[in-house]
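Per-entry structural report
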Amino acid sequence: MSEVKTQEFRRASAKVLANAKLQSYLGRSMGTFDGARAEAIEEISPERWEELRQQGREIKRHTLDNLDYYLEMLQERVTANGGHVHFAKDAAEARAIVGQIAQTRGLKLAIKSKSMVSEEMGLNPFLESIGTEPVETDLGEYIIQLAEETPFHIIAPAMHKSKEEVSELFGEKIGRPNLQDIEAMAGAAREVLREKLVSADMGITGANFLVAETGTVTLITNEGNGRFCTSVPRVLVSITGMEKVVPSMEDLATFIRLLPRAATGQRISSYVTHVYGPKRPEDEDGPEEYHLIIVDNGRSKLLADPDLREALYCIRCGACLNTCPVYRKVGGHSYGWVYPGPIGAVVSPVLVGLERSKDLPNASSLCGACKDVCPIKINIPHMLLKLRSQISEGSPTSSTKASFVDRITSKGYRRLMSSPRLLGMARTLGLLAQWPFSRGSFIRRMPIPPFSRWTRTRDMPALAPKSFRQVWKERLEEEGR
Ligand code: SF4
């Protein structure tokens, strides 16, 4: 498993909030993605988009309800096509399978197309440890591999790096100093990568979708590097999560319409690559040997939980990250593991443990924007609330509990909000307590924690002089009702 730092969310996000340069990038880039998505939906028409979303959701629901059936069908078809299917229960087992394939065949250079599951597994350091050089071939992934970092965003892993930072990195790591413009940097990366691409003996890819009826692994990319990885090396390994299976090619067509529009606002990605297995006698190129590794690594826990199962519908488009007011401020690294943003705040606590991720379900204002933009209509706010309740009540699978103070506060809040009499009394006390600190409708500075923590960075709205009940009553009286 790759290094987990989910427990450092508060400290890491405070650091990003204080970084003015990063804040300005984040605002700009997220707005661009979000705007492109909205335009793409306008183009196809919002009504058609809704139909596609509903179709995508239905396909995912049906497939996950019958996952064993479709996985078995997929295994049969891939095997019939000449490939090998491996099931890995966790990251260690998946690494061991890759290691066994690489070592028994003496594979020394592995070119990789983007794979989130390989990030989950911590595959690159593992490959290095067994003497196989891993090379990321997606430009963003290549940059972060050189920088020895983890992806910042699901679809734009190096979006936090400025042109100047990439130029410096290329000077230091690949001996190409003083590159000024982006074309020159892309050209330098292409030169270095092309050499690796043509001499690699192992290809490693992820998978956007697995089609059960044909045994097809589908990759959706924009750079063409995926095609190199699937056609040049003599051994090809695809590693992906078990939730990526869809029943048929017709179902795949729905997702091919949804994913690029939600991710980047494109009608279709530049490359849609289908892998059917090793090359056949009549094929000019392709791998001599093909392996598909289907990884669980905690997904069964999501599948078994009726409240959280929807998280497995995710097609990793990144739209919920782009629209989330929290992600747009704290960025991807703050979440401390492979999956950032709203969907990461649901998936990571289950995959790495709620004990280590208690802050993630709280990293949301519950505004619902993530659900509104999700191409599969995943109800992320509902799942975040479920996780919050597991944290406060303790979950059946973990010993996690909210602190004593948090539990007392939420019990007190519940009691207050269910008794109009108590709420009225609390309001009167609040009005008296806020009097020395309020100026107009706001309180600018409170001296007592936890309120002082709030007013350190923003104003707090003061209690209104009249309650809603009073205003409502007065209005009815004025209208003579
Ligand atoms: S949860 Fe929805 S919006 Fe977020 S990455 Fe997954 S599919 Fe995209």
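Above: the structure in question.
Presented here is an overview of the structure given in this document. (Residues numbered from 1 in each chain as written. Predicted model: local features only at pLDDT ≥ 70, side-chain atom pairs only at ≥ 80, totals over all residues. Heavy atoms only, no water.)

1. Some points on unusual backbone geometry
If you check the backbone angles, Arg316 has positive phi at about 55° while not being a glycine. With respect to the helices and strands, Arg316 occurs in the loop between α13 (299-304) and α14 (319-323). Even without glycine at this site, Leu366 takes up a positive phi of about 60°. Secondary-structure assignment places Leu366 in the loop between α16 (341-352) and α17 (369-373). Here Leu366 falls in the partly exposed class, since its relative accessible area comes to 30%. (Helix = DSSP H or I, 4+ residues; strand = E, 2+ residues; numbered from the N terminus. Buried < 20%, exposed > 50% of the residue type's maximum accessible area, 1.4 Å probe, protein only.)

2. Here's the deal with a nonpolar patch on the surface
A cluster of nonpolar side chains, namely Phe404, Val405 and Ile408, defines an oily patch on the protein surface of about 330 Å² accessible area. Residue Ile408 is classed as partly exposed on the basis of its relative accessible area of 48%. (Patch = residues over 30% accessible without salt bridge, like charges linked within 9 Å, V, L, I, M, F, W, Y side chains within 5 Å. Areas by Shrake-Rupley, 256 points an atom, 1.4 Å probe, with all protein chains shown as cover. Salt bridge = Lys/Arg side-chain N within 4 Å of Asp/Glu carboxyl O.)

3. What about the environment of Arg469?
Mapping Arg469 onto the fold places it in helix α22 (residues 468-478). Of the residues examined, Arg469 reaches a relative accessible area of 61% and is grouped as exposed. Once the C-alpha coordinates of Arg469 and Gly424 are considered, the two residues, 45 residues apart in sequence, prove to be 9.7 Å apart.

4. Description of the pairing of strand β7 (residues 235-241)
Most of β7 is tucked away, with 7 of its 7 residues classed as buried. Here β7 shows no split at all, with Val235, Val237, Ile239 and Gly241 on one side and Leu236, Ser238 and Thr240 on the other all buried. Relative to β7, strand β4 (residues 202-205) runs parallel, the two sharing 4 bridges. Bridging across to β7, Met202 finds its partner in Val235. As defined by bridge partners, β7 adjoins strand β10 (residues 289-295) across 7 bridges and the pair is classed as parallel. Bridge pairing links Ile239 to Ile293 in β10. (Pairing = 2+ DSSP bridges.)

5. What to know about the site of the ligand
Around the ligand lies a shell formed by Cys314, Ile315, Arg316, Cys317, Gly318, Ala319, Cys320, Ile343, Cys374, Pro375, Ile378 and Ile380. When atoms are counted within 2 Å of each cavity's grid points, the one that captures over half of the ligand is the largest cavity. Here the shell around the ligand is built from residues that sort into 10 nonpolar, 1 polar and 1 charged. (Near = heavy atom within 4 Å. 1 Å grid on protein atoms, 1.4 Å probe; cavity = no way out; pocket = protein on both sides within 12 Å on 5 of 7 lines; lining within 4 Å. Sits in = over half its atoms within 2 Å of the grid points. Nonpolar A, V, L, I, M, F, W, Y, C, P; charged D, E, K, R; others polar.)

6. Some remarks on the nonpolar core
One recurring pattern in soluble globular proteins: nonpolar side chains tend to sit buried together. Ranked by internal contacts, the top residues of the largest apolar core, which has 110 residues, are Met202, Ile239, Ile293, Ile343 and Ile380. Those residues within four positions of Met202 in sequence are excluded, and the remaining contacts are Val98, Ile101, Ala102, Leu107, Leu109, Ala110, Ile111, Pro233, Val235 and Val237. With 21 residues, the next largest nonpolar core counts Ile144, Leu179, Met185 and Ala189 among its residues. (Core = buried A, V, L, I, M, F, W, Y, C linked by side-chain atoms within 4.5 Å. Contact = heavy atoms within 4.5 Å.)

Worth remembering: the numbers are spatial, not functional.
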